Amino acid sequence: MTSKPVTAICPGSFDPLTRGHEDIIRRTLSFADRVIVAVAETATQSKRGRFTVPERIGLIRSVFQDQPRVEATSFAGLLVEFARQREAHLIVRGLRAISDFEYELQMAQMNHALNAEIETVFLTPAAEFAFLSSSLVREVAALGGDVGPFVSPPVLEALRGPGNP
Ligand code: ADP
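Predicted model only: the values in this text are computed from it and were never measured.

**Q** Please provide a residue-by-residue account of the nonpolar core, values included.
**A** Counting residues in each nonpolar core, the largest one holds 32 residues, and the members touching the most others are L17, I25, I60 and L159. For this core, the elements supplying multiple residues, two or more each, are β1 (7–12), α1 (19–28), β2 (34–40), α3 (53–63), β3 (70–75), β4 (90–94), α6 (134–142) and α7 (153–160). In terms of residues, this core owes the most to one element, α3, which gives five residues. Counting twelve residues, the second-largest nonpolar core is a separate cluster that includes I9, A40, L79 and F82.

Right, here's the structure in full:
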């Protein structure tokens, strides 16, 4: 019997990628053959982002340039439809705190109702990253704080670059 490679999708805004995201992506690699890091275009339209979708993808690619099992791309529309197109049966989300739980439970149940072949798996981050969010990193960086411990070097460089609000 040959088993098909397992493809997992880590969806999100990734504005920008933090070490918390990286932790979830690396841990997903321990049980999936391939991880598609999928930047949501739809969410971006309502939330004005710090980085454009192509910039976010570029940063994810540079952070994971040595990891051929990680692909970064964007998707528009329904996540379950994107998963179906890419033949991925796993959606992986990070759960940091109880406050994440209600929304994540709703999304997972809705996605399951839309496509019962796709399972959502939740991973908890390492404790050292549990407080990290992209929005907090953006805010601290914009106020001149050192976010070096929370993001990888390409992201740090981009946050220092022009266009900082
Ligand atoms: P979204 O806007 O969809 O929440 P994010 O880019 O903020 O997208 O997050 C993408 C995924 O990464 C989500 O599953 C989120 O819970 C998870 N995540 C974000 N920050 C962390 C962190 N510090 N530790 C673990 N998971 C995280």
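**Q** So, the site of the ligand: which residues are in play, and what are the values?
**A** Around the ligand there are 14 residues in total, and S13, F14, G94, F129 and L132 lie nearest to it. Separating an oxygen atom of the ligand from a side-chain N or O atom of H21 is a distance of 3.2 Å. L132 places a main-chain nitrogen or oxygen 2.9 Å from a nitrogen atom of the ligand. Among the secondary structure elements, those contributing two or more residues to the shell around the ligand are β1, α1 and β4.

**Q** Quick one: what's the story with a nonpolar patch on the surface, residue by residue and with numbers?
**A** Judged by side-chain polarity, L78, M110 and L114 come together as a nonpolar surface patch covering roughly 300 Å² of accessible area. Mapped onto the elements of the fold, L114 is located in helix α5 (residues 98–114).

**Q** I'd love a proper account of the packing of aromatic side chains, names of residues and values included.
**A** Applying the stated criterion across every chain yields a total of two aromatic pairs. Ring centres of F75 and F82 lie 5.3 Å apart, and the angle between their planes is 25 degrees; this geometry places the pair in the stacked category. For F75, a relative accessible area of 7% gives the class buried. On the basis of relative accessible area, F82 is assigned to the buried category, the value being 8%.

**Q** Hey, could you go over the pattern of salt bridges for me, with residue numbers and the actual values?
**A** Taken as a whole and judged by the stated rule, the model has ten salt bridges. Between R26 and E22 there is a salt bridge, with the nearest N and O atoms lying 3.4 Å from each other. Of this pair, R26 and E22 both sit in helix α1, four residues apart, roughly one helical turn. Under the relative-accessibility criterion, R26 is labelled partly exposed at 44%. The residue E81 makes a salt bridge to R84 at a minimum N-O spacing of 2.5 Å. Placement of both E81 and R84 in helix α4 (residues 79–85) is noted, with a separation of three residues, approximately one turn of the helix. With relative accessibility at 33%, the residue E81 sits in the partly exposed group. Given a relative accessible area of 49%, R84 falls into the partly exposed group. Linked through salt bridges whose partners overlap, the residues forming this network are D15, R56 and R138.

The rules behind the values
- Residues numbered from 1 in each chain as written.
- Predicted model: local features only at pLDDT ≥ 70, side-chain atom pairs only at ≥ 80, totals over all residues.
- Heavy atoms only, no water.
- Core = buried A, V, L, I, M, F, W, Y, C linked by side-chain atoms within 4.5 Å.
- Buried < 20%, exposed > 50% of the residue type's maximum accessible area, 1.4 Å probe, protein only.
- Helix = DSSP H or I, 4+ residues; strand = E, 2+ residues; numbered from the N terminus.
- Near = heavy atom within 4 Å.
- Polar contact = N/O pair within 3.5 Å; in protein donor to acceptor, adjacent residues only side chain to side chain.
- Patch = residues over 30% accessible without salt bridge, like charges linked within 9 Å, V, L, I, M, F, W, Y side chains within 5 Å.
- Areas by Shrake-Rupley, 256 points an atom, 1.4 Å probe, with all protein chains shown as cover.
- Salt bridge = Lys/Arg side-chain N within 4 Å of Asp/Glu carboxyl O.
- Phe/Tyr/Trp six-rings, centres within 6.5 Å; stacked < 30°, edge-to-face > 60°.

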